[in-house]
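Here is how the chains run, residue by residue.
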Amino acid sequence: MEEYGGGNLLSEAMGSGPRVVVVEDCVEAPAAFVLHLLLKRALAGGGAVALLALAQPFSHYDRVLRKMGCNLSLHRKNGRLHFFDLQAFPGGPKGGAISDAFFRLYGDIQRVVDANRIAEHAGQFTVMIDDVSLLEVAAHGSVDDVLDFLHYCVTLTSEMNCSLVVLIHEDIYSSEGVGLLLHLRYIADLVIRAAPLSTGLAIDVHGQVSSFPLLVALANIITRIGVLHL
Amino acid sequence: MAEAAVRYLRDGRLEGEHAPALSVSGSLQCCPLAARAMLHVTAALASQAASGKSQARGLVIVAFDRSPEVYLDFMRRRGLDPNTFNRCVRILDCYSDPIGWKQKIQSQQHQESSVEPCSMDKENVTIFRSVKDVDKLMCSIIDLGRGFEGEGKIYFTIAIESISSMLKHASVSSISGLLSNLRSHDQTSSIFWLIHSDLHEPKFSRAFECLSTMVASVEPAVVDSVYEEEIPGNMSFLEKNYSNAKFYVRLKRRNGRVKHLYEELCVEGNDVKFISSPSVSAEVNQNLLPKVGLYISSSI
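These notes cover the structure that comes with them. These numbers were taken from a predicted model, which means no experiment stands behind them. (Residues numbered from 1 in each chain as written. Chains lettered and ligands numbered in written order. Predicted model: local features only at pLDDT ≥ 70, side-chain atom pairs only at ≥ 80, totals over all residues. Heavy atoms only, no water.)

### Quick look at the packing of aromatic side chains
- Summed over all chains, the structure comprises nine aromatic pairs over all chains.
- Look at A:Phe103 and B:Trp101: their rings are 5.8 Å apart centre to centre, the planes differ by 65°, and that puts the pair in the edge-to-face class. Taken as a pair, A:Phe103 in helix H5 (residues 98-118) and B:Trp101 in helix H5 (residues 101-109) lie in two separate chains rather than in one. Each member of the pair, A:Phe103 as well as B:Trp101, is classed as buried.
- Through a chain of ring-to-ring contacts, the aromatic side chains of A:Phe103, A:Tyr106, A:Tyr152 and B:Trp101 assemble into a single cluster.
- Across the ring face of A:Phe58, the terminal group of A:Arg76 is positioned such that the distance to the ring centre comes to 4.3 Å.
- One Lys or Arg, B:Lys104, reaches over the ring of A:Phe103 and ends 4.3 Å from the middle of that ring. (Phe/Tyr/Trp six-rings, centres within 6.5 Å; stacked < 30°, edge-to-face > 60°. Helix = DSSP H or I, 4+ residues; strand = E, 2+ residues; numbered from the N terminus. Buried < 20%, exposed > 50% of the residue type's maximum accessible area, 1.4 Å probe, protein only. Lys NZ or Arg CZ within 6 Å of the ring centre and 35° of its normal.)

This is how it looks when you write it as structure tokens:
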């Protein structure tokens, strides 16, 4: 596999310019590596990124991306990476509404997106959320508040030449109820799913990733499925 | 039969009756196609209104799922010129700022923000920022509809995309009330909406079907009972379902009979095409009047 190049399938899928990308994974096949690849790809392409991190501190991403040849500290210093440490989200005054916390967070994101848009030589802006399942936990299970926040992030993709990449753990959601997962699949232009191999573990292959490009606005529908070996 | 559905909505209401209502439903397996079917009907009705062939003088689109630009682009590709579009279509933009966050940010910043939804520059697009207030939503829809020009009584058609997005902000009962009130409003010619059936409990989807006089279901062309991960690489059914679907229509006639129609729906470039299948379509006689038996016996 082109470990640092993102793999043919990933590059191909992202090449069609999807606005909203949903990355799904499970315990047996975590897909954090997909976020790392997309993060590196976004910064290498001259764009800027707002990374909303609920899962890990900055030092973790810095360490991982450094091994992939990408200096996150430098990008952060140059204003191309905007790191939102949300491990303590929602924070704020006790008793404050969750919706108010999401509103403040969206305001911060809109400000950095706007600042990037009016900057010289502004490239593509990517908002990345790691991960939406933790966002739901931070919102005390309020799916409506999470969906409102995500909707506003999606509106940025149509108004501000922005893309949205979110990671969600599909195996924590029941197949019977309607939850965040199903709503995300509806709004996604591209779904990237990591899953274990049906044949079980292998020495040099840890899992498989498939991509399901969905409708991208009114563009032609592209369907390609492939396997990305680790 | 997509054209039958369009004609049904185009012809509008009779005096003393409620406006005809079409419910378009789809699921995740073929959701892009259900959305495209909705766009097709929307564009067709806009054209009919523009050419004066419909009872309605104009179309009010209540847009929750997409930016108004999507409708503008689609209708432009369908050949509707911008002047005609501005004359015959009004968009109530519930997508750009549904709960007023952007307006709040702008007022907090006390300055002209460069983050303006593109719809603010369009004369026929009105941003709506209180989607939780269903009464206010209804008033805004009616106000837009009354704004169409013409002589005599002005009728208008209403398109809602989608009910599923509305249900994130308001209750089933309030939205049902909204749809009923819109249907009974004396200037509503017809109304149609999109609903994603798998986002709700079946009873809610059926409740909205009961409010309609025509139901169009977009269903996957190929149904594979094996979950796709078990057959890696064999995704042909997925590919098929993203470009083809089945379009079932149930139309309740005034005489109580229910007509069943079927077409195949397929994607062609940026558009969607409906292909009739006459051998499959059937008419079902359902007499809704109770049958009364009369027995006469004689004791002689």
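### Description of the pairing of strand S5 (residues 156-161) of chain B
Residues and elements named next belong to chain B.
- Most of S5 sits out of view: six of its six residues are buried.
- Side-chain alternation along S5 places Phe156, Ile158 and Ile160 on one buried face and Thr157, Ala159 and Glu161 on a second face that is also buried.
- In this sheet, S5 lies alongside strand S2 (residues 58-63) in parallel orientation, the contact comprising six bridges. Bridge pairing in S5 links Leu59 to Thr157.
- Sheet topology places S5 next to strand S6 (residues 188-196); six bridges connect them, and they run parallel. Across the sheet, Ile158 pairs through a bridge with Ile191, a residue of S6. (Pairing = 2+ DSSP bridges.)

### Let's talk about helix H3 (residues 58-67) of chain A
Residues and elements named next belong to chain A.
- Looking only at H3, the buried set comprises Phe58, His60, Tyr61, Asp62 and Leu65.
- Packing partners of the buried residues in H3 comprise helix H2 (32-44), strand S2 (48-53), helix H4 (72-77), strand S3 (81-85) and strand S4 (125-130).
- Phi for Gly69, located one or two positions after H3, is positive at around 85°. (Contact = heavy atoms within 4.5 Å.)

### Examining the pairing of strand S5 (residues 162-169) of chain A
All names here are of chain A.
- Of all eight residues in S5, seven are buried; the element is thus mostly enclosed.
- One ladder, built from six bridges, connects strand S1 (residues 20-25) with S5; its direction is parallel. Across the sheet, Val20 pairs through a bridge with Leu164, a residue of S5.
- Bridge count for S4 against S5 is five bridges, and the pairing is parallel. The partner of Thr126 across the bridge, within S5, is Ser163.

### Concerning the environment of B:His185
Residue and element names in this part refer to chain B.
- Looking at the element boundaries, His185 is found in the loop between helix H8 (172-184) and S6.
- Judged by relative accessible area, His185 falls into the buried class, the value being 13%.
- When near neighbours in sequence (up to four residues on either side) are disregarded, His185 contacts Arg13, Ile142 and Arg146.

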